[in-house]
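Remarks on the overall topology
Single-letter residue listing:
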Amino acid sequence: QGPGAAVRLAGALRAAPAAERLAMAADHVAAVVRAHGGVRDRLVERCVAQLEAGCGLEALRRTSKLSARALQRRFARVVGLPPQSLAAVFRLRRLLAAVRETPAATWTAAAQDAGYFDHPQMAREFRRFMGCTPSQFAASEPGLAASLADLPG
């Protein structure tokens, strides 16, 4: 895979319609894990589970007992993304799930539930992954947020 794969993925994500981006990222991670030859890295698996549950990166580093760089290298080898990027994907998925579960909730409330520090952080990350603002996304296609929140785990 290597760093070139991440650059290609980033370009493909930027070019893809918003509705397809999370699925593309999930497919990439699954492909990297399969390409790893079935050799399991239990530490990385635990770290991925912690990130999915909303664990912060500093807590992840403490529990893994690895330096930030060593953890990044293991993630790159096994997952194909650095831990901070995977954490951002999980956070965005939690945001979309929160919007789906409580449609009347504000984006700010959903952002807090998903683990964002504040609304501007959520808006920046949303635009980075989805290519539009949350309001543009919600207005573009009714029910789109709900379908994205239902992506397989």
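Placed above this text is the structure.
Summary of the structure given here.

Reading guide: rules and limits
The residue numbers shown here count from 1 along each chain, following its written sequence. The predicted nature of this model means local features are confined to residues of pLDDT at least 70 and side-chain atom pairs, given and counted, to a pLDDT of 80 or more, with totals for whole chains, interfaces and linings taken over all residues. The basis for every side-chain value is the complete set of heavy atoms in the structure, and neither hydrogens nor water enter the calculation. Take the buried Ala, Val, Leu, Ile, Met, Phe, Trp, Tyr and Cys residues and link them wherever side-chain atoms come within 4.5 Å; each set so joined is a nonpolar core. Partly exposed residues are those whose accessible area sits between 20% and 50% of the maximum for their type, while under 20% is buried and over 50% is exposed, using a 1.4 Å probe and protein chains only. Only DSSP runs of H or I covering at least 4 residues are called helices, and only runs of E covering at least 2 are called strands; the numbering of each starts at the N terminus. When checking whether two residues touch, look at their non-hydrogen atoms; a contact exists if any pair is within 4.5 Å. Aromatic pairing here means that ring centres of Phe, Tyr or Trp (its six-membered ring) are within 6.5 Å. Orientation follows from the plane angle: under 30 degrees is stacked, over 60 is edge-to-face, and everything else is tilted. Here an axis means a line fitted to C-alpha atoms, over the contact stretch when the element is a helix, while the angle between two N-to-C directions is reported on a 0 to 180 degree scale. Orientation categories follow fixed angle ranges, with anything under 35 degrees roughly parallel, anything over 145 roughly antiparallel, 65 to 115 roughly perpendicular, and all other angles oblique. Under the grouping applied here, Gly and all other residues not named as nonpolar or charged are polar, the nonpolar ones being Ala, Val, Leu, Ile, Met, Phe, Trp, Tyr, Cys and Pro and the charged ones Asp, Glu, Lys and Arg. Every case where a carboxyl oxygen of Asp or Glu lies within 4 Å of a side-chain nitrogen of Lys or Arg is listed as a salt bridge.

1. Brief notes about the nonpolar core
- Ranked by internal contacts, the top residues of the largest apolar core, which has 20 residues, are L92, L95, F126, M130 and F137.
- Of all the elements, helix 6 (residues 83-101) adds the most residues to this core, at seven residues.
- Filtering out sequence-adjacent residues up to four positions away, L95 remains in contact with W107, A110, A111, A114, Y116, M122 and F126.
- Counting 17 residues, the second-largest nonpolar core is a separate cluster that includes L13, V29, F75 and L81.

2. Here we look at the packing of aromatic side chains
- One pass over the full model with this rule turns up two aromatic pairs.
- Measuring from ring centre to ring centre gives 5.6 Å for W107 and F126, while their planes differ by 75°; the resulting arrangement is edge-to-face. Residue W107 is found in helix 7 (residues 107-114), and its partner F126 is found in helix 8 (residues 119-130); the two are separated by 19 residues along the sequence.
- Given the relative accessible area of 17%, W107 is considered buried.
- Its relative accessible area of 0% is what places F126 among the buried residues.
- When the centroid spacing of 5.3 Å and the interplanar angle of 75° are considered together, the rings of F126 and F137 count as edge-to-face. One end of the pair, F126, is in helix 8; the other, F137, is in helix 9 (residues 134-140), and 11 residues separate them in sequence.

3. Describing the packing of helix 5 (residues 68-78) against helix 6
- The N-to-C vectors of helix 5 and helix 6 enclose an angle of 65°; their axes lie 9 Å apart at closest approach. The orientation of helix 5 relative to helix 6 falls into the category roughly perpendicular. Every residue of helix 6 that contacts helix 5 at L71, Q72 and F75 is listed here: P83, Q84 and L86.
- Looking at the contact of helix 5 with helix 6, its residues break down into four nonpolar, two polar and no charged.

4. Let's talk about unusual backbone geometry
- The backbone of K65 sits at a positive phi, close to 60°, despite the residue not being glycine.
- Within the secondary structure, K65 sits in the loop between helix 4 (57-64) and helix 5.

5. Some words on the pattern of salt bridges
- Using the criterion set out here, one finds five salt bridges in the structure.
- We note a salt bridge from R74 to D41, for which the minimum N-O separation is 2.8 Å. With R74 in helix 5 and D41 in the loop between helix 2 (18-35) and helix 3 (42-52), the pair connects residues that are 33 residues apart, well separated along the chain.
- The partly exposed category is assigned to R74, whose relative accessible area is 25%.
- For D41, a relative accessible area of 9% gives the class buried.
- Of the charged contacts, one joins R61 and E58 as a salt bridge, the two residues approaching to 3.3 Å between their closest N and O atoms. Of this pair, R61 and E58 both sit in helix 4, three residues apart, which is roughly one turn of the helix.

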